[in-house]
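Residues per chain, in single letters:
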Amino acid sequence: MPSLLIADDHPLFRAALRSAAKDAVADLDVREADSLDGVLARLDAEPGIDLVLLDLHMPGNHGLAGLAAIRAQHPGVAVVVVSANDDPRVVRRALDHGAAGYLPKSTGLDDLRHAIRSVLALEQWLPANLRAAVDGAPSAPGDSALAAKLASLSPQQFRVLALVAEGLLNKQIADRLGIQERTIKAHLTSIFERLGVRNRTQASVILRELELSDPSKQIAN
């Protein structure tokens, strides 16, 4: 039985996605989460999840950082990004960072069902009206290299990196993850080497490069 995790902080939108997904695939097992922490906890607890529909701007997620976290910690899980942002350059970045598809929130129900079926069949999916523009959009400078560097981190190393980016000290990270402080130091040494940086500040900048503005919070002049 295929399994889907809907990751969005808006209950009505989650309900619409759930209904469309159930119509798309017979016997689909559907789970929900309303924050990035909830998504990662679900994936840790339920390793059988096949697909995540991930809102780019749900609580705890900052643009492409959540996608990078899932790809680093659960590389076998397909991720379709869901966003009100349909800028082809943003879609290109999401694909470069490992998304299996991109679903604008304006997508109709028929396309939504098609997207879910396609990705569960191991196909990439984009809405027809965006394909040409995305194909013509250049990759952001350094994105492919950045994605490869982040993918080289172990799941635990990525967790450490994310907490460093939040400003936590080694002891705080050790307490949060339930491991010894010397293990954190060892992880940081490896993280710095794999990312090609020298210190915590430079490592934090790596994740900040994945941040994107949320169109829903932009106020028109």
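Residues numbered from 1 in each chain as written. Predicted model: local features only at pLDDT ≥ 70, side-chain atom pairs only at ≥ 80, totals over all residues. Heavy atoms only, no water.

An unreviewed UniProt entry lists the chain under the name Response regulator transcription factor, with Noviluteimonas lactosilytica as the source organism.

Peer 1: Lay out the pattern of salt bridges with the relevant residues and their values.
Peer 2: Considering all chains together, one arrives at 14 salt bridges under this definition. Beyond isolated ion pairs, a larger network of salt bridges with shared partners links Asp 29, Arg 31, Arg 42 and Glu 46. (Salt bridge = Lys/Arg side-chain N within 4 Å of Asp/Glu carboxyl O.)

Peer 1: Quick rundown of the environment of Asn 199? Include the residues and the values.
Peer 2: With respect to the element layout, Asn 199 can be found in the loop between α10 (181–195) and α11 (200–208). Linking Asn 199 and Asn 129, residues 70 residues apart in sequence, is a C-alpha distance of 43 Å. Engagement of the side chain of Asn 199 in a polar contact is seen with the backbone nitrogen of Thr 201, the distance being 3.2 Å. A polar side-chain atom of Asn 199 sits 2.8 Å from the main-chain amide nitrogen of Gln 202. (Helix = DSSP H or I, 4+ residues; strand = E, 2+ residues; numbered from the N terminus. Polar contact = N/O pair within 3.5 Å; in protein donor to acceptor, adjacent residues only side chain to side chain.)

Peer 1: I'd like to hear about the UniProt feature "domain: HTH luxR-type" (unreviewed entry) in the chain, residue by residue, with values.
Peer 2: With numbering matched to this structure, UniProt assigns "domain: HTH luxR-type" (unreviewed entry) to residues 146–211. The span residues 146–211 is 74% helical and 0% strand by assignment, and the distance between its end C-alpha atoms comes to 13 Å. (UniProt positions renumbered as here; feature names shortened; annotations may be inferred.)

Peer 1: Could you give an account of unusual backbone geometry, with specific residues and numbers?
Peer 2: Non-glycine residue Asp 27 carries a positive phi angle of around 60°. Despite not being glycine, Leu 122 has its phi angle at roughly 70°, a positive value. Here Leu 122 shows up in the loop between α5 (109–120) and α6 (128–136). A relative accessible area of 80% means that Leu 122 is categorised as exposed. (Buried < 20%, exposed > 50% of the residue type's maximum accessible area, 1.4 Å probe, protein only.)

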